[in-house]
Each structure stands twice: as C-alpha cells, then as structure tokens.
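Topology and contacts: notes
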Amino acid sequence: MTTFDQLFFTVFTAFKARFKQKANTIALVYISALQIALFFLLGVFTATFLTKMNASTISSQKAWTLFVLIAIAIHIKNWLKYSGKTRKVLNAKFNRSKASSHNLTLLLSLPLVSLILAIILLQSM
C-alpha cells in the first residue's frame, strides 16, 4: 500500500461518516489534486532550474499542454484505481492494518501549500 493509498483512505474514512455517498468522490478529487499539485511543483522546480542553468528546453506553451495532458491522465488513473474492485481490496488492507492517524486539516492543506510553493517558484523564473 503506497502513501497515496493511505492518504486516500484516511480522507475517505474521515468523510464517510458525514457524506456516505460522496466520500469516495471527495477522496478521489483530493488525491488527484494532491498528485497534480506535487507534479506541478516538480515541473516548475525543474523548469526554473533549467532556466537558471541556461539550458534550452521546450516552449512554455508546449510545457503547459503537456502538464494538462498529464493532469488528465493522473485523474483518470486515480478514477480507475479507486472506483472499482481495486478500491475494495485496498480498503480491506487499510482496515486490517494499524492505520496511523493523520491530521485531516494538515492533509487537506497539502495541495494548497504545494500550489503556493509552485507559484512562488514560477514567479522567480
């Protein structure tokens, strides 16, 4: 079970009590947003590094197109993984293991913090 799986099921179980039908959708959007924000942060860091090193890279428009395509692919991958039989198997593993308790407020702020750091790096280019 990966770290993202554990984060998904932590958010899923936190929202399952309040929103029975929408808990899976909320957790799916959360994990997709987190992965996309982390990918955005990594991409901006790499682009800033290569710009400072005066390396020729792809154009800005092509980079944004590539980012949007990868973001769509991440969301579809998560949707396929956490919507079917695989989610039920992972949920059984998560419930069986001794899950460490995560602070839900901290978890929900991770995508926002990643985006803020990426925007700061993007402006330093």
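First, a word on scope: everything that follows refers to the structure included in this document. (Residues numbered from 1 in each chain as written. Predicted model: local features only at pLDDT ≥ 70, side-chain atom pairs only at ≥ 80, totals over all residues. Heavy atoms only, no water.)

Under the counting rule described, the total for this entry stands at 10 aromatic pairs. Where phenylalanine 8 meets phenylalanine 9, the ring centres are 5.0 Å apart and the plane angle is 85°; that geometry is what we call edge-to-face. For the pair phenylalanine 8 and tyrosine 82, a centre-to-centre distance of 4.0 Å together with 10° between the ring planes defines the contact as stacked. In this pair, phenylalanine 8 is assigned in helix H1 (residues 3–16) and tyrosine 82 in the loop between helix H3 (60–81) and helix H4 (85–96), connecting sequence segments 74 residues apart. Across the pair, tyrosine 82 and phenylalanine 8 agree in class, each one buried. Put simply, the rings of Phe8, Phe9, Phe12 and Tyr82 touch in pairs and so form one group of aromatic residues. (Phe/Tyr/Trp six-rings, centres within 6.5 Å; stacked < 30°, edge-to-face > 60°. Helix = DSSP H or I, 4+ residues; strand = E, 2+ residues; numbered from the N terminus. Buried < 20%, exposed > 50% of the residue type's maximum accessible area, 1.4 Å probe, protein only.)

Roughly 530 Å³ of internal volume is contained in the largest pocket. Lining the largest pocket are 20 residues; nearest its centre among them are Gly43, Val44, Ala47, Ile58 and Ala63. Those elements giving two or more residues to the lining of the largest pocket turn out to be helix H2 (23–52) and H3. Among the elements that line the lining of the largest pocket, the one with the most residues is H2, at nine residues. Taken together, the residues that form the lining of the largest pocket break down as 14 nonpolar, six polar and no charged. (1 Å grid on protein atoms, 1.4 Å probe; cavity = no way out; pocket = protein on both sides within 12 Å on 5 of 7 lines; lining within 4 Å. Points joined across faces, edges and corners; volume = space filled by probe spheres on them. Nonpolar A, V, L, I, M, F, W, Y, C, P; charged D, E, K, R; others polar.)

To continue, consider the pattern of salt bridges. Tallied over the full model, the rule gives one salt bridge. Between lysine 81 and aspartate 5 there is a salt bridge, and its shortest N-O distance comes to 3.1 Å. With lysine 81 in helix H3 and aspartate 5 in helix H1, the pair connects residues that are 76 residues apart, well separated along the chain. Among the residues examined, lysine 81 registers a relative accessible area of 25% and is labelled partly exposed. Note on aspartate 5: relative accessible area 3%, which makes it buried. (Salt bridge = Lys/Arg side-chain N within 4 Å of Asp/Glu carboxyl O.)

Inspection of the secondary structure assignment puts asparagine 78 in helix H3. In contact with asparagine 78, other than residues within four places in its own chain, are Leu28, Ile31, Ser32 and Gln35. (Contact = heavy atoms within 4.5 Å.)

Moving on to the nonpolar core. What tends to happen in soluble globular proteins is that the nonpolar side chains get buried as a cluster. Residues Phe8, Tyr30 and Ile31 are the most contacted members of the largest nonpolar core, which totals 16 residues. The contact partners of isoleucine 31, leaving out residues within four places of it in the chain, are Phe4, Leu7, Phe8, Asn78 and Tyr82. (Core = buried A, V, L, I, M, F, W, Y, C linked by side-chain atoms within 4.5 Å.)

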